[in-house]
Amino acid sequence: MNDETILLNGRTLVGMDELANALGSALENDPNFILVIGSEPTENYKGIGTIIYASQRVGVPVENLRWTMDNGDVVTFDELKARNSRPSM
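Residue numbers restart at each chain and count upward from 1, following the sequence in its written direction. Local features in a predicted model are, by the rule used here, given only for residues with pLDDT of at least 70; side-chain atom pairs are given and counted only at 80 or more, and totals for whole chains, interfaces and linings are based on all residues. Excluding hydrogens and water, the side-chain figures rest on all heavy atoms present in the structure.

Caption draft 1: Representation of unusual backbone geometry. Backbone geometry at Asn9 places phi at a positive 55 degrees, although glycine is not the residue there. Mapped onto the secondary structure, Asn9 falls in the loop between β1 (6–8) and β2 (11–13). Relative accessibility under 20% of the residue-type maximum defines a buried residue, over 50% an exposed one, and the middle range a partly exposed one, all with a 1.4 Å probe and only protein chains included. Relative accessible area serves as the criterion here: at 81%, Asn9 is assigned to the exposed category. Only DSSP runs of H or I with at least four residues qualify as helices, and only runs of E with at least two residues qualify as strands; both kinds are numbered from the N terminus onward.

Caption draft 2: Just the packing of helix α1 (residues 15–29) against helix α2 (residues 46–57), in detail. Axis definition: a line fitted to C-alpha atoms, limited for helices to the stretch in contact. Angles are taken between N-to-C directions and run from 0 to 180 degrees. Running from N to C, α1 and α2 point in directions that differ by 55 degrees, and their axes come no closer than 9 Å. Considered as vectors, α1 and α2 are oriented oblique to each other. The hand of the α1/α2 crossing is right-handed. On α2, the residues that touch Met16, Asp17, Leu19, Ala20 and Leu23 of α1 are Thr50, Ile51, Tyr53, Ala54, Ser55 and Arg57. Along the lines of polarity and charge, the residues of the contact of α1 with α2 split into seven nonpolar, two polar and two charged. Working rule for angles: under 35 degrees goes down as roughly parallel, over 145 as roughly antiparallel, 65 to 115 as roughly perpendicular, anything else as oblique. Crossings are sorted by hand: turned counterclockwise from the far helix by less than a right angle, the near helix makes the crossing left-handed, and turned clockwise it makes it right-handed. The contact criterion used throughout is that any non-hydrogen atoms of two residues lie within 4.5 Å. Under the grouping applied here, Gly and all other residues not named as nonpolar or charged are polar, the nonpolar ones being Ala, Val, Leu, Ile, Met, Phe, Trp, Tyr, Cys and Pro and the charged ones Asp, Glu, Lys and Arg.

Caption draft 3: Molecular detail of the nonpolar core. Working definition of a nonpolar core: buried Ala, Val, Leu, Ile, Met, Phe, Trp, Tyr and Cys residues. They are joined through side-chain atoms within 4.5 Å. By size, the foremost hydrophobic cluster in this structure holds 19 residues, and its most contacted members are Leu19, Leu23, Phe33, Leu35, Ile37, Ile51 and Trp67. Contributing elements (two or more residues each) for this core: α1, β3 (35–37), α2 and β4 (65–68). With five residues, the single largest contributor to this core is α1.

Structure below.
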């Protein structure tokens, strides 16, 4: 995925409505499906924002979102936050 291309199960999606419709259908088929978000480390992140917005627009629970780290680890957003939080001063 990059700023211009969003893939869902190998299918290229164009625009917020198409993405939201695909995520809504996935949610109807399996309310517990896990949405794993990944990108190339050198890519911009506009597409990721689009995915997160569309997933929330159709009601995908935040607990069902995962992020693929640069090293290939797949983590929850809570784990991502914990890995990237700054220590208190």
